[in-house]
Structure formats: C-alpha cells, structure tokens
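Coordinate inspection notes
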Amino acid sequence: MLVPMQKLTLYALKADRDALLLALQKDGSVMLEPEAGTKALPGSEKVSAQLDKTGQVLQFLVQNGAKNPLFPQKEAISYGNFLKETQEGRQLTEKLDTTASKIASLESEAAALRTQAESLDPWLKLDIPLEQLSFTETTRCHVGFLPEKELPEFQKAISSLLADVSLYDLTQDGQAMVILAYEDADNEVKHLLKEHDFSEAVLPKRSGLAADVRKELLQEAEEKESRITRLKEETRQSIPQKQQVELYYDQLNAAHDRLQNGGVETVSAFKVQGWVRKDRVQRVEKVVQGVTDAYQLTFADPAEGEIPPTVLENGKLVEPYESVVELYSLPKAGSIDPDLIMAPFHFIFFGMMLSDAGYGLVLTVMLYFALKKFRPTGFARQLAMVIFFGSISTILWGAMFGGWFGLEWKPLLFVPMKEPLKMLALCFGLGAIHLVAGMLVKVYMLFREGDIVGAVCDQISWLIMFLGFFLMALVPGPVGKYLAWLGAGIIILFGGREKKGIVSRLLGGLLTLYNISGYLSDLLSYSRIFALGLATGVIAMVINTVAQMLWSAGPVGIVAAILVLLAGHYFNIIINVLGAFVHSSRLQYIEFFGKFYEAGGRAFLPLALRTKYTDITK
C-alpha cells in the first residue's frame with residue numbers, strides 16, 4: 001500500500017542544528033527538501049572532495065588485488081564508535097592517495113620515455129649524434145619521413161640541387177631520411193619537400209647517437225617501472241587495513257548527507273522542511289525533543305499541487321515485488337500500489353515460463369544458501385527474493401507439467417509439448433483474469449474519485465461485453481448474447497460522451513468500440529508464457545540428447561557427456577531465468593499496468609545512515 005505522507009517544517013536555533021541533523025539522520029524518518037535560499041553547511045565541499053578521494057582510494061586498492069565482492073560482508077560497529085572519525089582510516093587514505101598519484105605520474109613518465117625510445121627505431125643506423133642534426137652557418141638539416149611512393153620522383157628532383165640525402169629504415173610513416181642542403185639551396189629543398197608530403201621527425205632532445213640515446217631512454221623507463229612495482233607492492237601490504245578506509249568512507253558519506261541541507265537561516269535560527277511518514281510524526285517529534293526545547297515543529301498534509309515522495313509498504317511475501325515496480329516507475333502519490341495484486345501473477349507467470357521442476361529445485365537451493373551467506377540488503381535482496389519465489393513456483397508448475405531436467409516424469413496436469421492447445425488455453429485464461437484484475441482496479445480508482453459514470457461507461461461496459469462473450473462460448477442460451485450487446489451498446493452510446501453533438505458522440509463510441517482489437521492484442525501477448533516454457537523444455541531435451549550420444553563413446557565420451565549436462569543445464573537455467581523474469585515483468589508493465597497504473601512517483605530518500613561497508617548497531 002501507499003503510505004500517507006505529511007509535510008514537515010522545523011524552526012530551531014542554529015546552535016542546535018548539527019545535533020538536530022545528527023539525531024534526524026540516526027532516526028532515518030525525515031526526507032529533507034531544499035527550498036529557495038537553502039545553503040549547504042560550511043565544510044560540505046571539503047567533505048565531498050574527501051569522499052571522492054576515499055572512493056578513488058578504495059578503487060585503487062581493488063585494482064591492486066583487494067577483493068571487491070558483489071555483496072560485501074559489512075563489519076558491525078556501534079553507533080558511538082561510528083561517530084568517532086577514524087584517524088587510521090584518514091591517514092591511510094592520504095598515504096594511498098599519494099601513492100596512487102606517484103604511480104600515475106611514474107606510469108605517464110615511463111610511457112613517454114618508451115614512446116621517445118620507439119621514435120628512434122628508424123634512426124639506429126644514424127652515425128651522427130642527435131645534437132648535430134641542426135642548422136649551421138652554411139648548411140641546413142631536415143630529418144623526417146617521405147611517403148614511399150614519392151621517393152623515386154623526389155630523389156630524381158633533388159639530385160639537381162646542392163643537397164645530400166641519406167636513407168634509413170622504412171616505417172609506416174614513410175621512408176626515414178636526413179637531408180643536408182647548402183643554405184643557398186634550402187628554399188628550393190623545402191619547396192620540394194612540401195611538394196612530396198615530407199613530415200618532420202620529432203626526436204628526443206638528447207645528446208649522443210640514436211642507438212645510445214634509445215638505450216638510455218629504455219633504461220630510465222625500466223627504472224621508473226621498477227619504482228612502480230615497489231609502490232604497488234607497498235599498496236598490496238596495505239590491503240589488510242582496507243576496512244579502515246571503508247569505515248572512513250562511510251563516515252564521510254554520512255557527514256556529507258548531513259551537510260548538504262542546512263536549511264534557510266537567519267542570524268541565530270534556521271528552518272528546514274521535508275517529508276515524513278504520517279505514522280512516524282510522533283516519533284520524529286520525540287527525536288527533536290530529545291535534542292532541544294527551543295523549536296517549532298509543524299506537520300501538514302500535502303498542499304494542492306505538491307507531490308510528496310512515494311513510500312511502499314507491504315507484507316513479507318509481497319514486499320520483494322516492490323523491486324519489480326521500482327524497475328518500471330514508482331506509483332504517483334495518491335494513486336494505488338499494485339504490488340498486492342501483481343505479486344501472485346508474477347509468481348505464477350515466472351514459474352510457467354521456466355516450467356522445469358528440476359531447474360526450480362536447483363535454483364531454490366542455490367538462492368537459499370546464497371541469501372544466507374551474502375545477506376544482501378535493499379533492492380538487491382528484494383530482487384533476489386523475487387527470483388527465489390519464482391524458483392518455488394517453477395517447482396510447482398514443473399511438477400504439474402512433468403518436466404524434470406528436460407525429462408518427462410509423472411505430470412500432475414498435462415505435458416505442454418504434447419497438448420499445446422491446452423497450454424495455450426491455460427495461458428489465455430490466466431491472461432484474461434490478469435487483464436480483468438487490472439480493469440477492476442481501475443473501476444475501484446474511478447469510484448474512489450467519484451467518477452461513477454467513467455467507471456460504468458469506460459470499464460464496467462467492457463467487462464459486461466467480455467462476460468457476454470464468455471457465456472456465449474460456454475453456456476447455452478441467449479444470456480451471453482444479450483450481455484455482449486448490452487456492453488457494446490453502453491460503449492457506443494457513452495464512449496464518445498466528451499464530444500458535442502449526437503452524431504459525433506456515436507462516432508466516438510464506435511471508435512472506442514474498435515479498441516477491442518487492443519484487448520485482443522493484449523490477450524495474445526500471454527502466448528509468450530507458452531513460448532518461453534516450450535523453449536526451456538526443448539533446450540533441455542537437446543542437451544540430454546547430445547549427452548546421451550556422447551555417453552556411448554567410451555570413457556572420454558562419458559566425461560564429455562557429464563560436462564555437456566552440467567554446462568548445458570547451467571546455461572539453460574541462467575538464460576531462461578533471465579527470460580522468465582523479463583517477460584513476466586513485461587506482462588505486468590504493458591498489459592496489466594496499462595489498464596490503471598499512474599506512474600511518476602519519486603523515491604522517498606530520508607536523511608539516514610546509509611552505509612556501504614559497515615553495519616551500525618544502534
């Protein structure tokens with residue numbers, strides 16, 4: 001359900017601001033919102049920069065061998081100890097940041113030295129020191145590359161000038177060459193070089209022969225790389241102290257959140273505003289009273305035009321499916337939370353799409369131990385629980401369909417591949433119930449808003465017509481036909497009621513009736529349940545068939561068959577779990593939500609102790 005929200009406004013003395021923000025953060029019930037004139041508290045920029053630096057240091061440790069698990073095990077720490085800034089963490093962060101900067105600088109220098117050394121490769125046979133490749137009083141020197149295709153014509157043209165050409169290695173940049181020309185002929189030489197696309201070489205500003213300079217550059221690069229290796233080894237020795245940096249990061253993150261919204265202030269007082277759950281109003285007031293008596297605290301329902309944040313609250317079995325809604329969009333404040341109605345359908349559709357009891361059993365066991373070991377929290381835990389519930393559904397549906405690792409064994413209902421029409425009928429039947437549930441939710445919303453005409457003419461009329469079609473197909477007699485005509489008549493007469501004129505209204509009603517094709521399209525979408533279930537079974541059967549063929553090929557074949565079974569079924573589980581989740585969610589987003597859902601809600605993000613690496617025991 002959607003939790004009612006109230007607007008909070010707090011006036012208090014600036015002297016109590018830090019203590020109040022700290023107490024509100026510990027409680028975690030108030031989402032502060034900036035208003036015109038709101039300023040961040042002094043020191044927020046410094047803390048933000050330090051937080052970024054600490055995050056980079058943690059990444060630096062991971063790059064140098066520290067573990068970075070998907071679900072890190074949080075270290076327990078008391079609230080009192082958490083508030084004490086860890087000097088060890090700060091000092092280690094500064095030390096590692098300095099080390100990271102040194103390594104980055106040395107890597108850049110070493111790369112530049114090696115690049116310079118590589119630039120000398122074409123000139124290793126050059127018997128003139130590099131410092132002498134320059135202009136004199138009577139000569140000019142040009143060092144560079146000429147495209148290979150231009151070489152014959154260039155040599156022919158320059159032979160008539162007072163210049164000497166020495167050729168060296170052929171590279172991808174062209175033919176390496178040195179041209180020595182008398183000063184009087186230099187203008188003609190430069191014109192000739194430009195005409196043939198000559199490019200000047202950039203040589204290191206060093207003294208000595210190219211081969212000696214190259215050796216010197218490589219030696220310097222190796223020395224810098226050796227220093228990098230030593231610094232990285234020092235970094236790896238700091239990995240056991242990584243928890244200190246992680247604690248420091250969480251402390252900075254908490255301080256950063258507190259400092260972001262200092263409210264609007266005068267010389268001696270300040271004001272902050274935000275949102276709080278209606279059921280926690282008294283709790284928040286007690287928190288404020290525990291800090292100071294000099295305050296004014298008011299709570300009010302949202303004013304017209306104000307959009308409060310959305311808070312979802314459901315029971316243990318439904319709460320994980322909030323993640324499915326969040327992946328789409330939170331419901332708009334004042335609308336309806338679809339989780340309670342959506343959860344059973346998502347559970348059913350997931351199991352029907354995976355539809356192999358063996359796969360469900362493996363998935364259930366794996367997820368159970370994974371949840372016990374890693375203990376994910378927040379959105380990750382909700383998502384994992386959705387898959388866990390789906391695996392239980394898979395066991396149930398797999399047993400009903402007789403699917404066990406691609407083998408057929410004692411189906412309790414029927415085998416979809418042998419009786420596809422029954423499976424399609426089941427899919428369409430569940431789909432029809434799903435669509436009707438969405439329409440009934442819309443009826444409820446319209447009645448709640450007082451729009452009885454809209455509920456009857458836009459929703460109930462369709463339900464009457466569909467009920468008529470159902471009775472026409474299954475129940476003898478004219479009742480079904482009369483109901484269908486009644487529903488269609490209401491749609492035609494009132495579907496275009498917003499238009500002016502009888503003719504326009506009737507035409508609008510006929511166009512509204514044409515939307516029956518949309519309902520048919522929605523119903524046909526549920527055939528994907530059969531398609532995905534069929535894909536899971538067929539792939540599993542192919543894996544078993546290949547393994548069976550290999551099994552008869554002797555010892556090597558038996559080993560290969562076992563590998564095919566393990567790898568093949570593992571791949572089939574992973575790919576079809578992904579498909580089952582995506583497509584069962586899609587049926588909620590498009591077909592179900594399309595009937596009533598009002599998206600556009602914003603998340604409720606209270607000022608709270610959000611830690612990534614530590615578990616605070618209050």
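Residues numbered from 1 in each chain as written. Predicted model: local features only at pLDDT ≥ 70, side-chain atom pairs only at ≥ 80, totals over all residues. Heavy atoms only, no water.

So, about the overall build of the chain. A tally of helices and strands in the chain yields 20 helices and 13 strands. In the chain, which comprises 618 residues, the proportion classed as buried is 44%. In the structure as shown, the chain presents an accessible area of about 33,100 Å², 61% of it carried by carbon and sulfur atoms. Positive and negative charge centroids in the chain, built from 60 and 67 side chains respectively, lie 10 Å apart. (Helix = DSSP H or I, 4+ residues; strand = E, 2+ residues; numbered from the N terminus. Buried < 20%, exposed > 50% of the residue type's maximum accessible area, 1.4 Å probe, protein only. Areas by Shrake-Rupley, 256 points an atom, 1.4 Å probe, with all protein chains shown as cover. Lys, Arg positive; Asp, Glu negative; His and termini not counted. Charge placed at Lys NZ, Arg CZ, Asp CG, Glu CD.)

The next point concerns the sheet that holds strand β4 (residues 139-146). Taken together, 4 strands build an open sheet; the order of strands is β5-β6-β4-β7 and the sheet is antiparallel. Edge positions in the sheet fall to β5 (163-171) and β7 (199-200), since each has one partner strand and no second. With 7 bridges connecting them, β5 and strand β6 (residues 174-182) associate as antiparallel partners. Across the sheet, D164 pairs through a bridge with L180, a residue of β6. (Pairing = 2+ DSSP bridges.)

All right, on to the side chain of T364 then. Summarising the element assignment, T364 is placed in helix α12 (residues 357-374). There is a polar contact of 2.7 Å between the side chain of T364 and the backbone oxygen of G360. Beyond its immediate chain neighbours, meaning those up to four positions away, T364 contacts F388, S391, I392 and I395. (Polar contact = N/O pair within 3.5 Å; in protein donor to acceptor, adjacent residues only side chain to side chain. Contact = heavy atoms within 4.5 Å.)

The positions UniProt marks with the feature "transmembrane region" (unreviewed entry) are residues 347-371, 383-403, 423-445, 452-473, 529-551 and 557-582. Along residues 529-551 the backbone is 100% helical and 0% strand, and the end-to-end C-alpha distance reaches 33 Å. (UniProt positions renumbered as here; feature names shortened; annotations may be inferred.)

Attention shifts here to the domain arrangement of the chain. Taken as a whole, the chain is organised into domain 1 (1-37 + 262-307), domain 2 (119-215) and domain 3 (312-600). Centre-to-centre separation of domain 1 and domain 2, based on C-alpha positions: 76 Å. (Domains from an automatic or database assignment.)

Within β6, 7 of the 9 residues are buried, which leaves it mostly tucked inside the rest of the structure. Where β4 lies against β6, 8 bridges are found, and the strand directions are antiparallel. By the bridge assignment for β6, F145 is matched with A176. Two successive antiparallel strands, β5 and β6, enclose a turn made up of 2 residues.

This brings us to the pattern of salt bridges. This model, assessed by the stated rule, comprises 26 salt bridges. For the salt bridge of R602 with E33, the shortest nitrogen-to-oxygen distance reads 2.4 Å. Of this pair, R602 sits in the loop between α20 (554-592) and β13 (614-617) while E33 sits in strand β2 (residues 30-33); the two residues are 569 residues apart in sequence, bridging distant segments of the chain. Under the relative-accessibility criterion, R602 is labelled partly exposed at 28%. A salt bridge links R206 to E220; its shortest N-O distance comes to 2.9 Å. Note that R206 is positioned in the loop between β7 and α7 (210-237) and E220 in helix α7, a separation of 14 residues in sequence. The class for R206 is partly exposed, based on a relative accessible area of 22%. You can call E220 partly exposed: its relative accessible area is 24%. Sharing partners across several salt bridges, the network here consists of K14, R17 and E265. (Salt bridge = Lys/Arg side-chain N within 4 Å of Asp/Glu carboxyl O.)

The next thing to look at is the environment of P338. As for its position among the elements, P338 is in the loop between α10 (322-328) and α11 (339-354). Separated by 259 residues in sequence, P338 and Y597 have C-alpha atoms that sit 7.8 Å apart. Discounting residues that sit within four places of it in the chain, P338 has contacts with V325, F593, F596 and Y597.

A cluster of nonpolar side chains, contributed by M417, L534, V538, M541, V542 and V546, occupies part of the molecular surface with about 450 Å² of accessible area. Its location among the elements puts L534 in helix α19 (residues 527-551). (Patch = residues over 30% accessible without salt bridge, like charges linked within 9 Å, V, L, I, M, F, W, Y side chains within 5 Å.)

A few words on the packing of helix α14 (residues 420-448) against α20. Running from amino to carboxyl end, α14 crosses α20 at an angle of 50°, the nearest separation of the two axes being 10 Å. Taken together, the axis directions place α14 and α20 in an arrangement best described as oblique. In this structure, the crossing between α14 and α20 has a hand that is right-handed. Contacts from H434, L435, A437 and G438 of α14 reach α20 at L587, Q588, E591 and F592. Of the residues contributing to the contact of α14 with α20, the split by class is 4 nonpolar, 3 polar and 1 charged. (Axes fitted to C-alpha atoms, helices over the stretch in contact; angles between N-to-C directions. Parallel < 35°, antiparallel > 145°, perpendicular 65-115°, else oblique. Left-handed = near helix turned anticlockwise from the far one by under 90°. Nonpolar A, V, L, I, M, F, W, Y, C, P; charged D, E, K, R; others polar.)

Let us look at helix α9 (residues 281-289). Note on helix geometry: an α-helix contains 3.6 residues per turn, so any two residues three or four positions apart are oriented the same way. Residues of α9 that are buried: V281, V284, V287 and V288. Buried residues along α9 cover an arc of 120° about the axis, so they all sit on one side. Away from its buried face by more than 90 degrees, α9 exposes Q282 and K286. Against β1 (5-13), α1 (17-27), β2, β9 (269-277) and β10 (295-300) lie the buried residues of α9. (Arc of directions from axis to C-beta.)

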